[in-house]
Structures are given as structure tokens and as C-alpha cells.
Amino acid sequence: MTAPERELRGPLYDVIDVGLILLDGERRVVGWNVWMENASGTADADARGRRIEEIFPGAPPRLRSAIAHALELGASSLITHSLHPAAFPLRTRAGQPLIHDISVRAVGRRPTLQCLLQVVDVTVMAGRERVLRERQNARYDAVVGSAPDAILTLDADGKIQSANPAAAREFGYSPEGLIGQSMGLLLQDTAEWDKAFGRILGGKNLSRPIELTAQRKNGSSSYLEASASSWQSEGRIFVTAILRDVNERRMAVEALRRLNQTLERRVAQSTADRTRMWTLSTDVMMVAGLDGTISSINPAWTQLLGWKEAELLGANVLDFVVPNERARLQSELHALSRGTAPKLVELGMRTASGESRRIEWSAVAADDLLQAVGRDVTAEREAEEALRKAEDALRHSQKMEAIGQLTGGIAHDFNNMLTAIIGSMEVLKRRIRAGRYDDVQSFMDGAIGAANRAASLTHRLLAFARRQPLDPKAVDVNQLIRGMEELLRRTLGEAIRLSVHLDPEGWTALTDAHQLENAILNLAINARDAMPKGGTLSIVTTREILTDNKRFGQEEIEAGDYVVVCVGDTGTGMSDETLKKVFEPFFTTKPIGQGTGLGLSMIYGFAKQSRGHVRIESAEGRGTTFRLYLPLYQGGVEARTVGPAREVAIGAGETVLVIEDDSAVRLIISDVLRELGYACIEASDGQAALPMLTSNTPLDLLITDVGLPGLNGRQIAEIARRHRPDLKILFVTGYAEHATGHAPFLEPGMEMVTKPFALDGLALKIREMIRR
């Protein structure tokens, strides 16, 4: 067995989800993994010693040449399904044709050079591409098929690959008859086209349309204005050209140029042409002074815009332009009077019926006269607008698809948690009914655990949506990270070294300390998972002042003074494709069951809600660094202390008013208060609580939901403080949008807890506020 064979037959040889074929120098099979056996129906023993063309007689010649190049030159190749849709007759496990790509590369060293074929299943991807391509082609065909201009698509060799009906009409050939032909069949002289075609293939767009003379099938000539651009599909370059019939415009411009030569030549030679052209042309034409005063017009003005000759002669053309574009025309007239080169100008022209039409003007100035020809492009602009609306509709559809993906992921996770909660409660009912209490604790723990996981998921979703309740305060970032070091070391394990470099200045950030701890811990866990064989996790703090907005990829960081927390690893890194999706909800690269896909979404939402930013630097095989930008706080910072162990939060008969519109939540809070020795008064909304707040009844604490019907919690607090200035107020919320109407939301003597909350935590918070 050769060295490449020994390396190939490693522990992943038969479990990898890719077909592996190893050929020796004689192009015979010496390696054939289980994936290939399943997909081809040919066992390893039957494949060994045979050539690929013997096993698969229909293999494309391109594959044989790729194998030869690998063995002879050491070259690598890729055989794609788009060009070779059935290179091998493989089948999926369901018995359907297996669409695949084949990579071919040399392995080993001479003289024992061998060839490795990797067969990758792209059936699902190809199906998606086919559906998307069919939709795009349908839209493209609808637009191109109805276009009045000839549209041709050519490959890099200059051969026509597609032609619309207008092209067939223009050149006199059937669409099928144009396929495979070169432009030499259609043009009298290809020099101008060949020059432009070469520039386009070289990546340079045409700065302006070019004029070509076409040779129709019946031998007649036609003048065309051509614009073209290149595009790529599946590694191939194509050029799409739009050819516009400019025979009438060319005739008109040429006639006007001749009219402008001399009065004698104009009278002698152009009278007949002018009469015929001006009478029959569908383009509007005019001769005017450089100040815009009209001296001559053709009948198309009446046919297209409805104005009579008597209304136009002697009038200024500015009067017939829509008001908001008159200044633009005035500027163009001044430019023409200074001798600038003629150019196309599109204007909205008023009609006699009070409507407007879009006219594309081509004008020249000579002998103190302005000659202009206008082409009606209203239909084209309406078609462009229709296409824009169709694209907007498509983007809306894609947005709704993304929303569907998000809600589907939420429903999936919540259904799992609800199943655990409901199932545990059902079992508890049966155990209690049967008088069996020996194992009820485990089911109660299971239900509470599932409920806590659901609460965690809602917090992550609120963080992603930037709606989580935050408690921004001055935080010593260095002190916070030092306090987390032991937790981080336990989380990372012995195989990963933790390196912490904190800025000695000890910068203070304005942020939520708890959420910042969660963000750093999340990043550390992700880094640990990206370093399965060990490595180094580094945490660095610094200060960064941005004088201008800076863009890193798709993320723009606003100018400002920031404390930057850098969390970097030496792990596997991320590809560019993964980086584009890394903050999408429910996107994860972890195996099923090992991640919700909300961790980085939560960090992104937390950063944005804190008026900060997140920047990622990553490359495959080179690790990943997250830079968390948090606003710098200029004032002092309160020390974070750990108080003594908490005893049971028992009350001493203090009176607490509870305002909560949800009866179940109100019942739980009230029962806990009474059980702990507090006197409790209940109200279902703010209106019901007003008589109590405005009375002389002693109150030690007000507990109110923020999002109440009618008067919200913040409005009730303001009313209560007018009558009871020293009343302590505890807000209860599960959605931060209710807490963003006032800045700052919490005044002295006010606190906030987030739903869902632990009852012990609520009791401790109540006792702390009353005794403060």
C-alpha cells in the first residue's frame, strides 16, 4: 500500500460524506470508499484494478483528460455538474439521480504519483439553483421578449447564444437561425463592434453607445445604436447587447445637419427630404433659437403631444417642459450656446390634455440655431418602472421567506420546551392522583428547567431584536473581566490557554454589566468549540477614538470614543460565506442539538442596543477575533461588591400595591407577598389603581407592569410620584420597547425586574427596596 493510500485510509475514509476514488499511475482504481459503493452500486472489490471508463463507460472525455493532466503535470481540475450533468451514473439513497461535482488532483510524489477523485453531492443545491434560475429566466424572458429593441446574448467567442423576437424582426432571421452565428453575419463592418467587444471582455464598460450598420437577411441596411455589458454564469463570460433602431433619428440628425450648412443648400437640397421626414417621422423635431424660442416644428408634435403648430411657433420650448425640469433644460441650452458637444437629454414634456410624456432629446447648436430631435421613451420608462416594482415584490417575498425561517425556528424550539413542561405537569397530575410522591421532584425540576430555557430563548430573541431590557451603568471593564477569569478557565478546559491583556488605564464603559458578561462568555464558548484540539483564547481591552465613520465589510462603525473588548482565538476560523450569515438568527455551524444559533445574534443586538458595534476578523485556518465596541463613560464608576449571604426575604406587614393586567401573574405576585408577610392590594390596570394612589392609605411599595392597557406603568409612576414623592416603585417588564419612552427611564427609588423572574429573586428585590 502506497503512502497516499495509507493517508487516504484514515479514520474518516469510510465515514466522510464525500466519494473518494484513488487511481494509481496506470489510472486503475486502488481506493474506493463506502460512499462510492452506496452511490454507484459497485463494491470496492469490484472496482479495484479497473479504470474509470471501464466502471463508467459514459464518463465524459473531460474527466479522462483531467486525470491525465493530474498524473502527468500534477494539475488540479474541477468537473462541474453544470457542464457535465451526469459524469457518473450515481444514485441517492432514495434512488434518485445524484447530481455531483468531481474534483481531480494529484497526490503523492513522483515516481509514485497518484490521482485522487473527490465526488461531492450537490443534488439539493442544484435543485435550488434550478428553481431560482427558472424564476429569473421567466422574469428575464418576459422583459426581453416584449422589448422593442433587439437584444442578443453572445459567449466569449462572439457566438450568439440567445436572441429576442425584436432581433429576429430587425435582421430578418428566425431566433433559431441566429443562434450560433457571429456578428459578422449581421453587420456590414465589424471593426467597431470587434473593438468594443474586446474592451467589454477585458472588463471595461462602454462609456457611450456605439453606432453600427446592420446587414439584414434581405440585403438591406439598417442603422443601430448598440450598448453592451458583460456578465458571468458558472465560470463563463457572456455579453448582452441591446441594439436600438436609430434609422429615423439618424435621418433626422443628418437632415438637420444639412439644413444648417448654408441657406442655399438647405433650400435646394433638403426641402423634399425635410417635408417627407418631418411629415412621416414619429419623433418630434424642432428648430429654435438658443434662447429656446421655437421657429419650426414637425407634425409629430401634434400627433404625440397634441399641440397645434400655431400654439408652438414663437413660444419658448421651456413652457412645454414640466415645471420641475425647466431649470435643467435652461442649463442645457446655456451649455449648447457655449459650444459643448451634443448629448442625449431626457425631459418630461407637457401634452395639450394636461398629461406628460418622457422625451429623449438629441440636440445640436450651429449658426445660432438649435436643431433637436426627440424620441418618445414613455413606454420604456413605464416598462422599467414595472420591472422595478417586480423586483421590489421579489425582495418582499424574500423578506417574508426570511421571517418564515425565523418564526419556524422559534416555534420548533418553543414546542420542544412546551412539550417538556406540559409532559412533566401531566405526569405530576397522575402521580399526585395515584398518591405516588417519590419521584415528583424530578418532574418538577424538568418543567422548571424547560421553562427557564424558554425564558433564556426569549431574552436571546429580545437581544437580537434590540428589545431586551438593559440597565446601562458605568462599568469598569477590566474589573469585570478579572472577575470572570476563573469562570472562563473552567469553561475553556485544560487544553485551551487563556491569555488576558487589560489596558492599564482601566477604561470605563456605559453598558449593562450582566449582558456584557453574557456576551464575553458566549464568545469564549464559541471560541472553545472552534478549537477542538486546543489553542489560545485571548482577551484584550483598549480604547479607540474614531474621528469619522469607518466601514469594515458590511458593518459601519460610527465616529466616537469607545472601549474595545477583543476576544480572539486560534481556532478553525470562518469562510467569507459564513461571515455573511454569522449574525442571522438560528444560523449555526454546530451539529444539530448543540446550538440554538442565537448567541451571536444576541451579542449583535446587545451591542447595537448599547449604541456600540461588533466587528469580526476571521479567515479559515487562522482563527477569529471579535471586537466589541462600547461607548466610553467619562464619569466615575461604582464598585461592584458582593454582599453577605441572603436570608429569607420576610416582610413585616408593609403594604404593597400590585398593578398587573395578567390575572395569573397578578395572583402569583400577590400570593408570594402575602405568604412573606406583606399586606397586598391588587389592581388590574392603572385606572383601577388611581383611587388608591391618590388616597391617604399608607403604601410602602408600588409594583407595576410597564405594558398596561390605557395608562402604562411609567405614566402611573409619574402620577403616583406627584401624590407620593418618596414612593418606591418596582417595574415589571418582558419587553424593552415599553421602557424606551423616557431617558432615563428609571429615576431614583425605581428598579426594574424582567419577566420571567424567580420568585426568590422577586422577594429579595422587594425587601431590599422597602428597607433601603
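Here we come to the overall build of the protein chain. If you tally the helices and strands in the protein chain, you get 25 helices and 29 strands. For the protein chain, buried positions account for 41% of its 772 residues. Long-range pairs, those at least 24 residues apart, make up 57% of the contacts in the protein chain between residues at least 6 apart in sequence. For the protein chain, the exposed area adds up to about 41,400 Å²; of that, 52% sits on carbon and sulfur atoms.

Okay, the confidence of the model for the protein chain next. Per-residue confidence for the protein chain averages 80 on the pLDDT scale, and 83% of its residues sit at or above 70. Of the regions scoring below 50 in pLDDT, residues 639-646 engages in 6 contacts with residues more than four places distant in sequence or in other chains. Segment residues 736-743: pLDDT under 50, and 13 contacts once partners within four positions in sequence are set aside and those in other chains are kept.

Turning next to the sheet that holds strand β15 (residues 369-376). A sheet is described by the order of its strands in space; here 5 strands give the open sequence β12-β11-β15-β14-β13, paired in antiparallel fashion. The open sheet terminates on both sides in strands that have one partner only, identified here as β12 (294-297) and β13 (344-350). On average, adjacent strands in this sheet sit at an angle of 30 degrees to one another, irrespective of strand direction. Where β13 and strand β14 (residues 356-366) come together, 7 bridges link them in antiparallel fashion. The residue bridging Arg 350 from the neighbouring strand is Ser 356, located in β14. Against the sheet, helix α10 (residues 247-259) makes contact with β11 (284-289), β13, β14 and β15, and its axis sits at roughly 170 degrees relative to β15, the strand it touches most. Where helix α15 (residues 326-337) meets the sheet, its contacts fall on β13, β14 and β15, and the angle it forms with β13 comes to roughly 140 degrees.

One pass over the structure, following the stated rule, counts 27 salt bridges. For the salt bridge of Arg 357 with Asp 376, the shortest nitrogen-to-oxygen distance reads 2.9 Å. Of this pair, Arg 357 sits in strand β14 while Asp 376 sits in strand β15; the two residues are 19 residues apart in sequence, bridging distant segments of the chain. Taken together, the shared-partner salt bridges in this structure form one network comprising Asp 149, Arg 244, Glu 325, Glu 346, Arg 358, Glu 360, Arg 375, Glu 380, Arg 381 and Glu 384.

A separate point is the environment of Met 750. Tracing the sequence through the fold places Met 750 in strand β29 (residues 750-754). Taking the relative accessible area as the measure of exposure, Met 750 reaches 5% and is therefore buried. Separated by 19 residues in the primary sequence, Met 750 and Met 769 place their C-alpha atoms 8.6 Å from one another.

In this structure, Leu 537 and Leu 628 are the most contacted members of the largest nonpolar core, which totals 35 residues. Within the residue set of this core, elements represented by two or more residues are α18 (477-492), β17 (496-501), α19 (513-529), β19 (535-546), β22 (560-569), α21 (599-609) and β24 (624-631). The leading source of residues in this core is α19, at 7 residues. When sequence neighbours within four positions are dropped, the list of residues in contact with Leu 537 reads Leu 492, Ile 496, Arg 497, Leu 498, Ser 499, Ala 524, Ala 527, Met 531, Val 567, Gly 568 and Asp 569. Listed in part, the 27 residues of the second largest apolar core include Ala 39, Ala 87, Ile 102 and Val 104.

What counts and what doesn't
- Residues numbered from 1 in each chain as written.
- Predicted model: local features only at pLDDT ≥ 70, side-chain atom pairs only at ≥ 80, totals over all residues.
- Heavy atoms only, no water.
- Helix = DSSP H or I, 4+ residues; strand = E, 2+ residues; numbered from the N terminus.
- Buried < 20%, exposed > 50% of the residue type's maximum accessible area, 1.4 Å probe, protein only.
- Contact = heavy atoms within 4.5 Å.
- Areas by Shrake-Rupley, 256 points an atom, 1.4 Å probe, with all protein chains shown as cover.
- pLDDT = per-residue confidence, 0-100.
- Pairing = 2+ DSSP bridges.
- Axes fitted to C-alpha atoms, helices over the stretch in contact; angles between N-to-C directions.
- Salt bridge = Lys/Arg side-chain N within 4 Å of Asp/Glu carboxyl O.
- Core = buried A, V, L, I, M, F, W, Y, C linked by side-chain atoms within 4.5 Å.

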